[in-house]
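Working through the structure, step by step
Here is how the chains run, residue by residue.
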Amino acid sequence: MAKKTDSDNDNGIIRQFNELKKKHPDAMLLFRRNSFYELYKQDAVKAAAVLAIEITDRMLPDYKRPVKVASFPQSALDVYLPKLIRAGKRVAICDQLEDPKLTKKLVKRG
């Protein structure tokens with residue numbers, strides 16, 4: 001039996017982060033959540049250094065361990081995005097996808 005890795009147990013935003021990071025390992029992934037942009041794991045560490053923003057260890061839903069997170073308000077994107085690009089970083093802006101199992105189905109009533 002194969003040993004389970006972290007990615008085998010990932011749900012939600014971290015699963016999406018891991019999947020996108022495999023496809024785009026050289027990009028920093030900015031996830032838009034509510035009124036903030038968030039970066040996770042190694043991207044959070046790199047962004048915190050370039051942008052001089054705080055990094056925290058946060059427990060995310062459906063994830064068993066604290067995850068490194070750096071965030072900034074959406075209104076500050078015009079300030080922080082150029083800083084990342086000038087530092088030679090490739091950046092991708094991502095929207096969090098909802099789990100289809102958790103979304104309500106719309107029923108047409110006629």
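Coordinates for the structure precede this section.
Presented here is a report on the structure given in the accompanying data block. (Residues numbered from 1 in each chain as written. Predicted model: local features only at pLDDT ≥ 70, side-chain atom pairs only at ≥ 80, totals over all residues. Heavy atoms only, no water.)

So, the pattern of salt bridges
The test is simple: Here a salt bridge means any side-chain nitrogen of Lys or Arg lying within 4 Å of a carboxyl oxygen belonging to Asp or Glu. Think of it this way: any DSSP run of H or I at least four residues long counts as a helix, any run of E at least two long counts as a strand, and we number them from the N terminus. Relative accessibility decides the category of a residue: with a 1.4 Å probe and only protein chains considered, values under 20% of the type maximum give buried, values over 50% give exposed, and everything between is partly exposed.
If you walk through the whole model with that rule in mind, you get seven salt bridges. Two residues, Arg15 and Glu19, come together in a salt bridge whose shortest N-O distance is 3.3 Å. Within this pair, Arg15 and its partner Glu19 are both found in helix H2 (residues 12-23), separated by four residues, close to a single helical turn. Judged by relative accessible area, Arg15 falls into the partly exposed class, the value being 28%. Classification of Glu19 by relative accessible area gives partly exposed; the value is 41%. In this structure, Lys21 and Asp43 form a salt bridge, with 2.7 Å as the shortest nitrogen-oxygen distance. Within this pair, whereas Lys21 is found in helix H2, its partner Asp43 is found in helix H3 (residues 41-51), the two being separated by 22 residues in sequence. With respect to class, Lys21 is no different from Asp43; both count as buried. Look at the salt bridges and you will find they share partners, linking Arg33, Glu38 and Arg58 into a network.

Describing the nonpolar core
Soluble, globular proteins show a tendency: their nonpolar side chains are buried together. We apply this condition: Nonpolar cores were defined as sets of buried Ala, Val, Leu, Ile, Met, Phe, Trp, Tyr and Cys residues, with membership established by side-chain atoms within 4.5 Å.
If you look at the biggest cluster of nonpolar residues, it comprises 15 residues, and the most contacted ones within it are Leu30, Leu39, Leu51, Ile53, Phe72 and Tyr80. Only strand S1 (27-33), strand S2 (36-40), H3, strand S4 (67-73) and helix H4 (77-86) provide two or more residues apiece to this core. Tallying contributions element by element places H3 first for this core, with four residues. By size, the runner-up hydrophobic cluster in this structure holds twelve residues, among which are Ala27, Leu60, Tyr63 and Val69.

Topic: H4
Rule in force here: When we speak of the arc, we mean the arc of directions from the helix axis to the C-beta atoms. In what follows, residue pairs with any heavy atoms lying within 4.5 Å of each other are defined as contacts.
For H4, the set of buried residues is Leu77, Tyr80 and Leu84. Looking down the long axis of H4, one finds its buried residues gathered within 80 degrees of arc, a one-sided arrangement. Facing away from the buried side of H4, by more than 90 degrees, are the exposed residues Asp78, Ile85 and Arg86. Buried residues in H4 make contact with S1, S2, H3, S4 and strand S5 (90-95). Among the residues trailing H4, Gly88 stands out with phi positive, at a value near 85 degrees.

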